[in-house]
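Letter by letter, the chains look like this.
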Amino acid sequence: MTALPHSTTGSHGESGWAIPEHLLSVAEYTALGEPDSGFTELVEGRLVMSPSPKRRHNKALYALARQLESQLPDHLEFVQDIDVDLGLVPPGEPGFARRPDLIIALREAGERIDEQDSMYHADDLVVVVEIVSQGSKRTDYVTKHGEYADGGIPHYWIVDLSEPVSLVACHQAGELGYQDAPAATGVFQATEPFPVKLDLDRLLP
């Protein structure tokens, strides 16, 4: 990911997308809309630009979602590639908004978001999932690990497509933040936050 510069006069990206001249709140970030290519996240009020995911990443994400779909309880749903307000600062202050590869959220929260055209909040989420891409390893394992824990998201799954494909399941452990289980390979099974069984080797052709 690349942090976009903030100038005193304002500037524009290659596509003409405006780069703000000040640190942004989550509300200001939402009002910007989407760039012409790739996607952005908000970190301490600064825009961070990422390129569009590669084919391998997208195919693995689709395969993961297909396995999850039949196992989710009725009150939960998954959503891919959507902004989440982490709620780490009061409204109006330079904020944090991440765009996880996949979230598992309360179904009633999705209905609210559709009605209000608003953003998911961290407390709407049960699980957040990131698939490690080239150049995102430290961000996924360290930076987002801390941010998602601080946001109070109960579970964080880190899927690494390096051979063998693995999944690190992290869960809230009070003041310690996330406690990480050993990396699972082959088949990942869990009973919390719902019974689930994932064949990790099926995530890649």
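This text goes with the structure placed above it.
Overview of the structure. (Residues numbered from 1 in each chain as written. Predicted model: local features only at pLDDT ≥ 70, side-chain atom pairs only at ≥ 80, totals over all residues. Heavy atoms only, no water.)

With that settled, the discussion passes to the environment of E44. Relative to the helices and strands, E44 resides in the loop between β4 (39–43) and β5 (46–50). For the pair E44 and V89, spaced 45 residues apart in the sequence, the C-alpha separation amounts to 8.9 Å. In contact with E44, not counting residues within four places along its chain, are L23, P94, G95 and F96. (Helix = DSSP H or I, 4+ residues; strand = E, 2+ residues; numbered from the N terminus. Contact = heavy atoms within 4.5 Å.)

Next up on the list: the nonpolar core. The biggest cluster of nonpolar side chains holds 29 residues, and the ones touching the most others in it are L68, I104, W157, F188 and L198. Broken down by secondary-structure element, the contributors of at least two residues to this core are α2 (55–69), β9 (102–106), β11 (125–132), β12 (155–160), β13 (166–172), β16 (187–190) and β17 (196–199). A per-element tally of this core places α2 first, with six residues. If sequence neighbours within four positions are ignored, L68 has contacts with L102, I104, W157, F194, V196 and L198. (Core = buried A, V, L, I, M, F, W, Y, C linked by side-chain atoms within 4.5 Å. Buried < 20%, exposed > 50% of the residue type's maximum accessible area, 1.4 Å probe, protein only.)

This next bit is on the pattern of salt bridges. Applying the stated criterion to the full structure yields nine salt bridges. Of the charged contacts, one joins E77 and R107 as a salt bridge, the two residues approaching to 3.5 Å between their closest N and O atoms. Separated by 30 residues along the polypeptide, E77 in strand β6 (residues 76–80) and R107 in helix α3 (residues 107–116) bring together distant segments of the chain. On the basis of relative accessible area, E77 is assigned to the buried category, the value being 19%. The exposure class assigned to R107 is partly exposed, which follows from its relative accessible area of 36%. Residues K144 and E130 are paired through a salt bridge, measuring 3.1 Å at the closest nitrogen-oxygen approach. Of this pair, K144 sits in helix α4 (residues 137–150) while E130 is found in strand β11, placing the two residues 14 residues apart along the sequence. Residues joined in a network through salt bridges with shared partners are E41, R98, E130, K144 and E147. (Salt bridge = Lys/Arg side-chain N within 4 Å of Asp/Glu carboxyl O.)

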